[in-house]
Amino acid sequence: MAKISNHVFSTNSRVIKDFLTHYKNTFYAFCELLNNSIQANSTVVDIKIEYATKELTKAPIKSITVKDNGNGVSLSDFDKKILEIGTDVKKGGQGVGRFAALQIGCNIEIETVAYDDDLKKYYKVKLPINSSLFENRKLVDMKFPVTEEILTGKHNSYYQVSIKGLHHNQHTKTDRKNVIAKELLEENIRLSLFERYPYEIFNETVKFSLNKKKLTKSEFAYDTPVLKAVTFTDVKGNEHPISFQFYKVKLNDNKAKVFFQVNNNGLKTVVNTYTYSSEWFTQEMGSWFIYIDSPLFSWDLFKNIDMDELGDEGIDKLKSFAKDIITDFFISINKNFETFTHKLRDSYPVYFDDKNAASETQKIVFEQFAYI
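Rules used in this analysis
- Residues numbered from 1 in each chain as written.
- Predicted model: local features only at pLDDT ≥ 70, side-chain atom pairs only at ≥ 80, totals over all residues.
- Heavy atoms only, no water.
- Helix = DSSP H or I, 4+ residues; strand = E, 2+ residues; numbered from the N terminus.
- Buried < 20%, exposed > 50% of the residue type's maximum accessible area, 1.4 Å probe, protein only.
- Contact = heavy atoms within 4.5 Å.
- Areas by Shrake-Rupley, 256 points an atom, 1.4 Å probe, with all protein chains shown as cover.
- Pairing = 2+ DSSP bridges.
- Axes fitted to C-alpha atoms, helices over the stretch in contact; angles between N-to-C directions.
- Parallel < 35°, antiparallel > 145°, perpendicular 65-115°, else oblique.
- Left-handed = near helix turned anticlockwise from the far one by under 90°.
- Expected span 1.5 Å × (residues − 1).
- Polar contact = N/O pair within 3.5 Å; in protein donor to acceptor, adjacent residues only side chain to side chain.
- Core = buried A, V, L, I, M, F, W, Y, C linked by side-chain atoms within 4.5 Å.
- Arc of directions from axis to C-beta.
- Salt bridge = Lys/Arg side-chain N within 4 Å of Asp/Glu carboxyl O.

This part is about the overall build of the protein. When you go through the protein residue by residue, the secondary structure sums to eleven helices and 15 strands. By residue count, 45% of the 372 residues in the protein fall in the buried class. The contacts of the protein with a sequence gap of at least 6 include a subset with a gap of at least 24, amounting to 70%. Working note: accessible area of the protein is about 20400 Å², and carbon and sulfur atoms make up 48% of it.

For the rest of this paragraph, the subject is the sheet that holds strand 12 (residues 239-249). Backbone hydrogen bonds hold the strands of a sheet together, and the pairing may be parallel or antiparallel. The strand order across the open sheet built from five strands is 11-12-15-13-14, with neighbouring strands paired in mixed fashion. Each having just a single partner strand, strand 11 (221-233) and strand 14 (267-276) make up the two edges of the open sheet. The average angle at which neighbouring strand axes cross in this sheet is 25 degrees, direction not considered. Across nine bridges, the pairing between strand 13 (residues 256-264) and strand 14 is antiparallel. By the bridge assignment for strand 14, asparagine 264 is matched with leucine 267. Each of strand 13 and strand 14 is contacted by helix 2 (residues 26-39), which is oriented at about 140 degrees to strand 14, the strand it contacts most. Packed onto the sheet, helix 4 (residues 189-196) meets strand 11, strand 12, strand 13, strand 14 and strand 15 (287-293) and runs at close to 35 degrees relative to strand 15.

What follows deals with the packing of helix 2 against helix 4. At a closest axis distance of 12 Å, the pairing of helix 2 and helix 4 adopts a crossing angle of 60 degrees. Compared by their axis directions, helix 2 and helix 4 come out oblique. Crossing angle aside, the handedness with which helix 2 passes helix 4 is right-handed. Residue-level inspection shows Phe27, Tyr28, Phe30, Cys31 and Leu34 of helix 2 in contact with helix 4, the latter providing Ile189, Ser192, Leu193 and Arg196.

In this section: the environment of isoleucine 315. Here isoleucine 315 is to be found in helix 8 (residues 311-333). Residue class for isoleucine 315 comes out buried when judged on its relative accessible area of 7%.

Turning our attention to helix 2. With 14 residues, helix 2 should reach 20 Å at 1.5 Å per residue; the first-to-last C-alpha distance of 20 Å fits that figure. Of all 14 residues in helix 2, eleven are buried; the element is thus mostly enclosed. Buried within helix 2 we find Thr26, Phe27, Ala29, Phe30, Cys31, Glu32, Leu33, Leu34, Asn35, Ser37 and Ile38. Between the side-chain oxygen of the N-cap and the backbone nitrogen of phenylalanine 27 there are 2.9 Å, and the N-cap of helix 2 in question is asparagine 25. One or two steps after helix 2, the chain reaches asparagine 41, where phi turns positive at roughly 65 degrees.

With that settled, consider the nonpolar core. Of all hydrophobic cores here, the largest spans 61 residues; its most connected members are Phe30 and Phe208. Counting residues per element, this core draws most heavily on helix 2, at seven residues. Setting aside chain neighbours within four positions, we find phenylalanine 30 in contact with Ile47, Ile64, Val66, Ile104, Leu184, Ile189 and Leu193. Listed in part, the 26 residues of the second largest apolar core include Ile292, Phe302, Leu318 and Ile326.

Our focus in this paragraph is helix 3 (residues 75-82). Along helix 3, the positions that sit buried rather than exposed are Leu75, Phe78 and Ile82. Buried residues along helix 3 cover an arc of 30 degrees about the axis, so they all sit on one side.

The next point concerns the pairing of strand 2 (residues 44-51). Of the two faces of strand 2, only the one carrying Val45, Ile47, Ile49 and Tyr51 is buried; Val44, Asp46, Lys48 and Glu50 on the other face are not. Taken together, the seven bridges between strand 2 and strand 3 (residues 61-68) define a ladder with antiparallel strand orientation. Following the sheet pairing, glutamate 50 is matched in strand 3 by serine 63.

Moving on, we come to the pattern of salt bridges. Taken as a whole and assessed by the stated rule, the structure comprises seven salt bridges. Residue lysine 257 is joined to glutamate 195 by a salt bridge in which the shortest nitrogen-to-oxygen separation is 3.3 Å. Highlighted residues: lysine 257 in strand 13 and glutamate 195 in helix 4, separated in sequence by 62 residues. One salt bridge connects lysine 214 with glutamate 204, and the closest N-O pair in it is separated by 3.4 Å. Of the two residues, lysine 214 is situated in strand 10 (residues 213-214) and glutamate 204 in the loop between helix 5 (198-203) and strand 9 (207-210); the sequence distance between them amounts to ten residues.

Right, here's the structure in full:
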């Protein structure tokens, strides 16, 4: 039989003033829920998004639910892992990620099933939260009613977050960070998820489903991504390994998008995106996603572009290096370039013939002509 107990929500007062709008937009907040699932060793993440119909509603979404098959949270650990903010529960963070849902909606419910090693039983625990409780941001401790239910037999653990009462649907003016992001719209969400989690989807380390339809690599990408591992030498002469993954994707925009990633507690997270352009990337080559990551990259590197670690000159060198690697890749698969070089071999055999080595002047002229 379920019982309701009051549990104390505790937080560091300097943290609570920011965590309700901690993320860049609602899609980033949504992805934080998925990140938490992956970091909890989940192999299955089920997403349910209830999109609005023709009824009168301000927002295109009515509710969101994320459920995973990860470790769950036991009753004994619930207060420490869920109801404490600004603690050391999660290395490298303040433990606010589990409340990212509050940036999307004012009513959330956390539900979890897990085996309790201390109590030697399975428990289902439910916690409803309304963001209005945090309007007085000076509060540090608040009581929340938590439903605890002992389960008989063996059960599969899970962790679920449900979001209702979306801020976007409120009658008052919606803060920019609470507006439903375009990535969450029905026509964009599947591709948005692939952009954010290409490795997990392509390699099926995590099986995502959206409204009961699985996200598969064949839906988004052709073949196996091309991996290029290179070494970048910074302005101080220090060497850093950098990897590039090239995905040819099933889009009709004929563009190449570049994503810089950082390590987020074992999870690769996109922190910077831009569209690549070059005379060697032509429309007939289709659409590409290029993911770049390195131990050199950090959150601060992309938040503070002039940080002391690299400086303006170092950032410029890194950007130029990345563009050169990407350009070399597209040159290598560009049929026009291949035809062009064959013609040059016929026209300038002295440059390619070892027996008749070209002079330095000839080489310079050739290279300038070849890369115009």
